[in-house]
Amino acid sequence: MPLNFSVYVNFSYNQIAEMCRRLLFQLGIVAMLTTNSIADEFLYSNPIVFQRFENTTTDTATPDIPGFYGGASIWVMESDGSNLKLLRHPGHGSVAKHLDHPSVSGDGRYVIYAEFESAEIGRQGEARLYRENLQTHERLVIRGQTNCAFHHATLSLDDEDLTYSRDCGFERSLVAELGDLKIVIDPAISGTRSSNGMSAGHKVVYQNEKPTEVQSDRKIAIILSEFDPQGRRTDRQITNWVYRNRRATISKDGNFVAWQTNSTTNGEKDDILMLDINRISDEPLQVTKSPANDGHPFFSRDTEWLLFESDRTGNWEIFKVHLQSGEVIQLTDDSNYVSTRPRW
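The following paragraphs examine the structure supplied in this document. Every chain is numbered on its own, with residues counted from 1 as its sequence reads. The model is predicted, so local features are restricted to residues of pLDDT at least 70 and side-chain atom pairs to those at 80 or more, both for listing and for counting; the totals for chains, interfaces and linings are taken over all residues. Water and hydrogen atoms were dropped before computing side-chain values, which therefore reflect all heavy atoms in the structure.

## Regarding empty space enclosed by the protein
To find the voids left in a structure, one rolls a probe of water-molecule size over its atoms. Put plainly, a pocket is an open set of points on a 1 Å grid over the protein atoms alone with protein on both sides within 12 Å along at least five of seven lines, a cavity is a set where a 1.4 Å probe fits but cannot get out, and a lining residue has an atom within 4 Å of a point. Grid points are joined across faces, edges and corners, and a volume is the space filled by probe spheres set on the points. Inspection of the entire model under this criterion finds 1 cavity of 30 Å³ or more. Quantified by volume, the largest cavity comes out at close to 160 Å³. Taken together, 14 residues form the lining of the largest cavity, with T154, R247, A248, H296 and R343 sitting closest to its centre. Secondary structure elements with two or more residues in the lining of the largest cavity: β8 (149–155), β12 (193–200), β16 (245–250), β20 (294–299) and β24 (337–343). Helical segments are the DSSP runs of H or I of at least four residues, strand segments are the runs of E of at least two, and each set is numbered from the N terminus.

The following block contains the structure:
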């Protein structure tokens, strides 16, 4: 049916102008309310982002089991554990994705993470790195390559640098983007593999793993590489390869390194150690000591706190420890999920 405009001819110019004014005012109110509701819902002063897996069995909560990968979701909360919300779900069934290792920007606006094409095959599939706006949920692919997986991305605490793992079939590498430098970090010794890196300035800390057929017998060392403006590197071995030393993090000023290790328990449970890298003769400080596993440490931007995951309650939850006082605060408590890989 054609539109009939004759009804409007009886309105004066002033009446039409007044109607338009009222309509614009109402639209402005709606827009303002919509904008405020989004901001109120997602405005965090110091957000923590982390992964969660649905906790179906006891074994599912063990990161050392290969099947631990698959179907992870990304959550966000305030640094005191409040305002806990689901940020992105991987989906269900055959279309389910796997979301991996989120990082958050210093202004609390963006989250960077990897999305694997299939939760069923996990890290064997293709993956790209995304940047997602915490307020609008708009997201953008920032790194990707056909037939490759980009994952384990970590944003530096000053938001200047990015490190990530790149798996392209038989070609597996650790990439560090340090300002204008893009560096593929070769292993410290031939036949090993570099992964799980993080940078501060031109320093990159990462794990260097020797090949093994037995998952429980992994031999991993922590290496610190420092690069000059031309990309030339100087390596420093933080630990040896006797035990499983992994998931290293570095403070914003580049002075402290922390990692999880089973060296404190003769190859059994994991604790967290920290080292002042400017004091070469010092032994690492044991930050956590519990009968359970503690891991995935991550410094706060002021280097006063360390985030970590732990199964000390019987389920994997997120905690933080004050480095000066030793006070430990539990931030999540939900046995329906395995909560892991926290960062702020």
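## Focus: the sheet that holds strand β21 (residues 305–310)
Here we have 4 strands laid out as an open sheet, ordered β20-β21-β22-β23, and antiparallel in their pairing. Here the strands that pair on one side only, and so sit at the sheet edges, are β20 and β23 (328–330). Between one strand and the next, the sheet's axes are offset by a mean angle of 25°, whatever the strand orientation. Of the pairings in the sheet, the one linking β21 to strand β22 (residues 317–322) comprises 6 bridges and is antiparallel in character. Residue pairing for β22: S310 is matched across the bridge by E317. By definition, two strands form a pair when at least two bridges between them are found by DSSP. For helices, the fitted axis covers only the stretch in contact; all axes are lines through C-alpha atoms, and the angles between them, taken along N-to-C directions, range from 0 to 180 degrees.

## Brief notes about the sheet that holds strand β1 (residues 48–54)
Ordered by their spatial adjacency, 4 strands build an open sheet running β3-β2-β1-β24, and the pairing between neighbours is antiparallel. In this open sheet, the two edge strands, each paired with only one partner strand, are β3 (85–88) and β24. Going from strand to strand, the sheet's axes swing by 35° on average, the running direction of each strand aside. As judged from the 5 bridges shared by β1 and strand β2 (residues 73–77), these two strands associate in the antiparallel manner. What sits directly across from F50, in β2, is W75.

In short, geometric facts, not functional conclusions.
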